[in-house]
Amino acid sequence: MSSVLVYGSYGFVGSLVARETIERDLEVVLAGRDGARVAEQVDDLGRPGRRFALDDPDVVTAALEGAGVDCVLNCAGPFSNTAEPLVEGCVRSGTDYVDITGEIPVIERVREWDQRATEAGVTLVPAAGFSAVPLDCLAAHLSDRLPEATALALGVDSRRPPSIGTVRTAIEGIEDGGAVRREGRLEYVPAAWRTRRIDFGRGTRSAVTVPMGEVSTAHYTTGVPDVAAYAAVPQPARLALRLHRYLAPLLATTPVRAGLKRLAGLVRDGPSSWSRKRATAYLWGEARVEHTDARVVSRLRTPDPYVVTVDAAVTATERLLADGRIEDGFRTPAGAFGSGFVLDLEGVAGFFDESTPESGAPEVDVPS
Ligand SMILES: NC(=O)c1ccc[n+]([C@@H]2O[C@H](COP(=O)([O-])OP(=O)(O)OC[C@H]3O[C@@H](n4cnc5c(N)ncnc54)[C@H](OP(=O)(O)O)[C@@H]3O)[C@@H](O)[C@H]2O)c1
């Protein structure tokens, strides 16, 4: 029977993922760098565990070989510290790799392992959580509808408070500002660089550009050269994002970053199961051919982002373990499993296609 090692299995998302793998009868090994927490989880869930840190590639490779697993599912973020050591260990030990990063630089670095992974017969699927599965699949669907598209705009409207881990990850990349893709290249731009009024399917809201992982995955999935990702944010948050442009150098200093992380530690663990059951996310995407009227719009509705993250990551892992036809090397979620992957997740509704283009000229981005 195929097996998966969940790294960061005692974190907030990691523990939800670990329980889900057991529910689905996968053979799971629990893992992380804190021996006491791994041991506690082993007692609780009755599954084997492994303690190893990620500083030494030889140790990581030996740990994966010793565990004898077929796939690693990395839930330990910020992934800027954990993805590469685990990818290297996976490539050296012949183990497939899945993670739930939404960090653009991490996806780009995992992609640099494409050739070595292909030579080793290993598949690497980063960003198999809420960011980027739904919008990556929506991008693939839009590209099927308008194959000559030259620009993609993708957006999410979800009023969801983040977990501590997500806050810590945001603090880690705090000086980065924003990012979009233009003519195939990543371009670093100020935070909230553009504002757009978007109808996500429950009324029009203001959204600003954000550096979501889809800026990478949607480009690699579709080959469309221009990609921008938007998030609906209320006015105070838009203001804070704009202030970020001026405060970023200060926020990036070590003492301020450490202070922010301490403050983040005061936040409760993550959204409760009660709130996870009730939340909905609205996703929107537009493909267009620049300088023409050609334009298509589609939408999706999903459960809570944390629910989607757990379902998508475990389903991606199941498919990698079960389906020998998935190509080796770096794969985006839609590249590996097709645009319909998101529709197989519990509670997802779509794709809702606009049969005729929205009337009038497309809404134009305005500088914030
Ligand atoms: N793609 C998506 O849509 C999506 C959705 C939800 C969450 N996420 C991301 O998933 C990550 C985890 O979120 P969370 O809420 O579960 O966070 P969390 O509760 O803080 O858990 C983080 C886990 O990662 C481990 N870890 C962190 N840095 C490590 C390192 N350098 N070496 C080894 N282990 C390390 C932690 O172990 P220690 O306690 O030993 O440090 C812990 O087990 C975050 O980056 C978050 O942004 C993505």
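First, a word on what this report is: a plain description of the structure on this page. (Residues numbered from 1 in each chain as written. Predicted model: local features only at pLDDT ≥ 70, side-chain atom pairs only at ≥ 80, totals over all residues. Heavy atoms only, no water.)

Some details on the side chain of Asp311
Stated precisely, the cut-off is as follows: Here a helix means four or more residues in a row that DSSP labels H or I, a strand means two or more in a row labelled E, and each is numbered from the N terminus. Each residue is placed in one exposure class: buried if its accessible area under a 1.4 Å probe, protein chains only, is under 20% of its type's maximum, exposed if it is over 50%, and partly exposed if it falls in between. Contacts are assigned to residue pairs with any non-hydrogen atoms lying within 4.5 Å of each other.
The residue Asp311 is located in helix α13 (residues 305-322) in this model. Note on Asp311: relative accessible area 11%, which makes it buried. Other than its neighbours up to four places away in sequence, Asp311 contacts Arg24, Leu345 and Glu346.

Quick notes on the pairing of strand β2 (residues 27-32)
Threshold: Strand pairing follows a simple DSSP-based rule, namely that at least 2 bridges must link the two strands. Seen with its strands pointing away from the viewer, a crossover is right-handed if its path from the first strand over the helix to the second goes clockwise.
Among the six residues that make up β2, five are buried, leaving the element largely enclosed by the rest of the structure. Two elements, strand β1 (residues 3-7) and β2, share five bridges in a ladder whose sense is parallel. When the bridges of β2 are listed, Ser3 appears paired with Glu27. Handedness of the β1-helix α1 (residues 12-23)-β2 crossover: right-handed. When β2 meets strand β3 (residues 49-51), the two strands line up parallel, connected through three bridges. The partner of Leu30 across the bridge, within β3, is Gly49. One crossover worth recording links β2 to the parallel β3 by way of helix α2 (residues 35-45), and it is right-handed.

With respect to the packing of helix α7 (residues 133-145) against helix α9 (residues 214-222)
Note the following rule: Axis definition: a line fitted to C-alpha atoms, limited for helices to the stretch in contact. Angles are taken between N-to-C directions and run from 0 to 180 degrees. Helix crossings get a hand from a simple test, with the near helix turned counterclockwise from the far one by less than a right angle marking a left-handed crossing and a clockwise turn marking a right-handed one. Charged residues are taken to be Asp, Glu, Lys and Arg, nonpolar residues to be Ala, Val, Leu, Ile, Met, Phe, Trp, Tyr, Cys and Pro, and polar residues to be all remaining types, Gly included.
Running from N to C, α7 and α9 cross one another at 35 degrees; their axes reach a closest spacing of 9 Å. Two packed elements cross with a definite hand, and for α7 against α9 that hand is right-handed. Across the interface between the two elements, Leu135, Asp136, Ala139, Ala140 and Ser143 from α7 touch Glu214, Thr217, Ala218, Thr221 and Thr222 from α9. Tallied by class, residues from the contact of α7 with α9 come to four nonpolar, four polar and two charged.

Some words on unusual backbone geometry
For the bond from Gly77 to Pro78, the omega torsion is 5 degrees, close enough to zero to count as cis. Geometrically, the link from Gly350 to Phe351 is a cis peptide bond, its omega value of -15 degrees lying close to zero. Mapped onto the elements of the fold, Phe351 is located in strand β16 (residues 349-353). One non-glycine residue, Ala192, lies in positive phi territory at about 50 degrees. For Ala192, the location among the structural elements is in the loop between β9 (185-189) and β10 (194-199). Given the relative accessible area of 1%, Ala192 is considered buried. Residue His291 is not a glycine yet carries a positive backbone phi of 65 degrees. Note that His291 resides in the loop between β13 (280-288) and β14 (295-303). Judged by relative accessible area, His291 falls into the exposed class, the value being 84%.

Let's talk about the sheet that holds β2
Consider a sheet: its strands pair through backbone hydrogen bonds, and that pairing is either parallel or antiparallel. Spatial ordering of the open sheet is given by β3-β2-β1-β4-β5-β6-β15, a layout of seven strands whose pairing is parallel. The sheet is open, and its two edges are formed by β3 and β15 (329-330), each paired on a single side. As paired elements, strand β5 (residues 96-99) and strand β6 (residues 123-125) share two bridges and run parallel to each other. Bridging from a neighbouring strand, Tyr97 pairs with Leu124 of β6. Seen against the sheet, α2 touches β2 and β3 and runs at an angle of roughly 155 degrees to β2.

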